[in-house]
Each structure stands twice: as C-alpha cells, then as structure tokens.
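Examination of the molecular architecture
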Amino acid sequence: MTIDNGLVRAEIDRHGAELCSLRKSGGTEELIWNADSRYWGRHAPMLFPIVGKVAGGHFRVNGTEYPMSQHGIARDMDFTQLEQSGDSVSFVLESSPDTLRSYPYPFRIEAVYSLQDTSLLVDWTILNTGSTPMHFQIGAHPGFNFRDFCKDDFIHGYFRLTCGREPVQNLIVGQLTPGGLRSESAALLALDSDAMLPITPGLFASDAIVLEEHQIDQVVLYDKECVPYIAVHTDQAPVWGLWSPPAKNAPFVCIEPWMGRCDCDGYDGDITGRDYMNSLEAGGSFTFSYRITVL
C-alpha cells in the first residue's frame, strides 16, 4: 500500500504490516533496505510479542513452555488492511488458534502509518482481548541504506545519538553472547566532542550495539560526507539496538527502538520476570509510537 503527501512517499506491505519503501516524493533515492537475503531478508519488521531471543527457544507462562523464535510472530503474519487515504494507512492483526499455540494471550494489533511533513509516523496499538493480564514486548527494526555505499570504504556513515536534543557522548553498551542473549557484561563507549559515531565494517563484529535504560531518544544517520539524511525518534523506548549483519560489510544499517530486549543468558523463569516486560490488564491497550524523518 502506497501513501504520499507530496513530500514523502512510503510503501507498506500487509505481510507483517512492514514498511518496505521510503523516499522523497518524486525522488529516486530509496532509504529502506531492499531485503536482499544474502545479507538480511527483511525491510523493517515489527517485533512482537518479544524482542530478540528467548533463552532455549521457549518462554514459560505459569509453568507451561511455549516455543518462540527470535523477534516473535507478527513479522511473519498477514495483517488485514482497515483504511487508507492519501497520506495514511492502517492494518490490523488478531490472535488466532495458531498464535495461541506459541503465545497464549488473545490480542489485537492496530498498525497505523501516516505522513506528516517529511516524517513517517508509526503507531502500533496492542489491545488485550483476553480475560487475564497479558505480557508482551514490541519493537521496531527498520533497515536504512547507506548513501553512496562502497564496500571498500573504511567509514560508511555516522550515527549521532541524542537524548532530549542533546548529544550523548558516553554510552553504556550491553554485551551479547555468541548465541544472541544478554551477557552480564557491559562496556563504556566514549565519543569525542562532536558526538559522532563512525560506522565502520567492524563496528558490529560482536553483533548489535544495545543501549539500555533510556540513554537516548533519537538516532540521526549521516552519510560518509557527514550530511544527515535520516532521523529515528521516540521518547518511549527504554532500549535501542544498532545493527548490521556481522562480518558481511552490508550496504545498510538498522536503527531499532525497542520496548523490550532478549533474555539474559541462562534465564529460565516465567515470562513475567523477563527484563523490560510490559503488561496489560484485560481489556487494556498500549500504543508504541516512533517517527522516521527524511532530512
């Protein structure tokens, strides 16, 4: 489904309610990764009902184990289109007997994409349609093309990370195990006075850069000439991930605001004890919103 406000044009696929194209209206520069499976076969999936991996490939609810693959089930399901206008489109996904076998909570997700000036506004509303409290995580995983990518470049671009519009120079980065779970370790990443983080082929050698505890609320992506061209913003996400496939020198990078995170290594408790878990009472709703701005 295509929406266009005369400044920005976006395409959203009902499979996963996934953003698959974003560019300036009438422009030729594609900003969203093309899902080439040689690197990563997705564009910008919705992560629900978990973010990252669960330890052992399953989680527990009241003593019962449920299988769950990385990043959950919503990204692989077909949504139903609700409404469309020139500059907005909405979709819905509802739980089914199939979803209840891997995630035992009835739910409804309403995904709304709308254009405002040069920004794409994304609103994902989760409703608990069951009779008991529902526990979930949700997150975004948009991939953005490097501008004028050349695999031989030492620097493909730069990040500028901010919190409340102020640049962040000292970051605590959570470390992942080789299996993609949160380890007990963390490292300090100190940036220089311009607060720019160079994106090099080796930056993601140890997998994603994970920033917890509301350290940032915006990431701006700059090209290798230090010209900004994309900004991702939300003040809701306590965790952000920055990622490109390790050891592939890929032509894109992901900027990911998350309401959740993978399990800690060795975690074997109930879903309610997972880090960054969200809860909804029966009949309750929650909206996670983020914005992508074309600069």
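Residues numbered from 1 in each chain as written. Predicted model: local features only at pLDDT ≥ 70, side-chain atom pairs only at ≥ 80, totals over all residues. Heavy atoms only, no water.

Let us look at the overall build of the protein. The secondary structure content of the protein amounts to one helix and 25 strands. By the compact-globule yardstick of 19 Å for 295 residues, the protein fits well, its C-alpha radius of gyration being 19 Å. Relative to its 295 residues, the protein shows a buried fraction of 53%. If you take every contact in the protein between residues at least 6 apart in sequence, the share linking residues at least 24 apart comes to 65%. Looking at the protein as shown, the accessible area adds up to about 12,500 Å², and 47% of this sits on carbon and sulfur atoms. (Helix = DSSP H or I, 4+ residues; strand = E, 2+ residues; numbered from the N terminus. Rg over C-alpha atoms; globule rule 2.2 N^0.38 Å. Buried < 20%, exposed > 50% of the residue type's maximum accessible area, 1.4 Å probe, protein only. Contact = heavy atoms within 4.5 Å. Areas by Shrake-Rupley, 256 points an atom, 1.4 Å probe, with all protein chains shown as cover.)

This part takes up the sheet that holds strand β3 (residues 18-24). Taken in spatial order, the three strands of this open sheet run β1-β2-β3, and their pairing is antiparallel. What marks the edges here is a single partner per strand, and that holds for β1 (2-4) and β3. Averaged over neighbouring strand pairs, the angle between their axes works out to 15° when direction is ignored. Both β1 and strand β2 (residues 8-13) contribute to a ladder of three bridges, which runs antiparallel. Each bridged residue has a counterpart across the sheet, and for Asp4 the counterpart in β2 is Arg9. (Pairing = 2+ DSSP bridges. Axes fitted to C-alpha atoms, helices over the stretch in contact; angles between N-to-C directions.)

Moving on, we get to the nonpolar core. Formed by 72 residues in total, the largest nonpolar core has its most connected members in Phe48, Tyr103, Tyr113, Trp124, Phe159 and Leu161. At five residues, the largest contribution of residues to this core is made by strand β9 (residues 107-116). If sequence neighbours within four positions are ignored, Phe48 has contacts with His71, Gly72, Ile73, Ala74, Tyr103, Phe107, Ile109, Ile126, Met134, Phe136, Gln137 and Ile138. If you look at the next biggest cluster of nonpolar residues, it comprises 14 residues, including Trp40, Val51, Leu176 and Cys262. (Core = buried A, V, L, I, M, F, W, Y, C linked by side-chain atoms within 4.5 Å.)

Quick look at unusual backbone geometry now. Only a minority of non-glycine residues have a phi that is not negative, and only a minority of peptide bonds are not trans. Between Phe48 and the following residue, Pro49, the backbone shows a cis peptide bond with an omega angle of 5°. Tracing the backbone shows Pro49 in the loop between β4 (46-47) and β5 (58-61). The phi angle at Glu213 is positive, at roughly 60°, despite the residue not being glycine. Among the secondary structure elements, Glu213 is positioned in the loop between β19 (209-211) and β20 (218-222).

With that out of the way, let us pick up the side chain of Glu256. On the secondary structure map, Glu256 appears in strand β23 (residues 252-259). This buried residue, Glu256, is left without a salt bridge; Arg75 holds the nearest opposite charge, at 8.9 Å. Side-chain polar atoms of Glu256 contact the side chain of His141, separated by 3.4 Å. A distance of 3.2 Å separates polar atoms of two side chains, one belonging to Glu256 and the other to Trp258. Leave out the neighbours within four places in its chain, and Glu256 touches Ala140, His141, Val239, Trp240, Gly241 and Trp243. (Lys, Arg positive; Asp, Glu negative; His and termini not counted. Salt bridge = Lys/Arg side-chain N within 4 Å of Asp/Glu carboxyl O. Polar contact = N/O pair within 3.5 Å; in protein donor to acceptor, adjacent residues only side chain to side chain.)

A few words on the pattern of salt bridges. The full count for this structure, using the stated rule, is 17 salt bridges. Residue Asp76 is joined to Arg42 by a salt bridge in which the shortest nitrogen-to-oxygen separation is 3.1 Å. With Asp76 in the loop between β6 (64-67) and β7 (80-84) and Arg42 in the loop between β3 and β4, this pair connects stretches of sequence that are 34 residues apart. By relative accessible area, which is 41% here, Asp76 ends up partly exposed. Between Asp76 and Arg75 there is a salt bridge whose closest N-O contact spans 4.0 Å. According to the relative accessible area criterion, Arg75 is buried, its value standing at 12%. Each of Arg182, Glu212, Arg261 and Asp275 takes part in one network of salt bridges that share partners.

Right, let's get into the environment of Gly56. One can find Gly56 in the loop between β4 and β5. Separated by 13 residues in sequence, Gly56 and Ser69 have C-alpha atoms that sit 9.9 Å apart.

Here we take up the packing of aromatic side chains. Evaluation of the coordinates by the stated rule reveals 17 aromatic pairs. Both rings, one in Phe91 and one in Tyr113, keep their centres 6.5 Å apart while their planes meet at 75°; by these two values the pair is edge-to-face. You can see Phe91 sitting in strand β8 (residues 88-94) and its partner Tyr113 sitting in strand β9, a full 22 residues away along the chain. In this structure, Phe91 and Tyr113 share a single accessibility class: buried. Put simply, the rings of Phe48, Tyr103, Tyr105, Phe107, Phe136 and Phe286 touch in pairs and so form one group of aromatic residues. Over the face of the ring belonging to Tyr229 we find Arg147, whose NZ or CZ atom lies 4.4 Å from the ring centre. (Phe/Tyr/Trp six-rings, centres within 6.5 Å; stacked < 30°, edge-to-face > 60°. Lys NZ or Arg CZ within 6 Å of the ring centre and 35° of its normal.)

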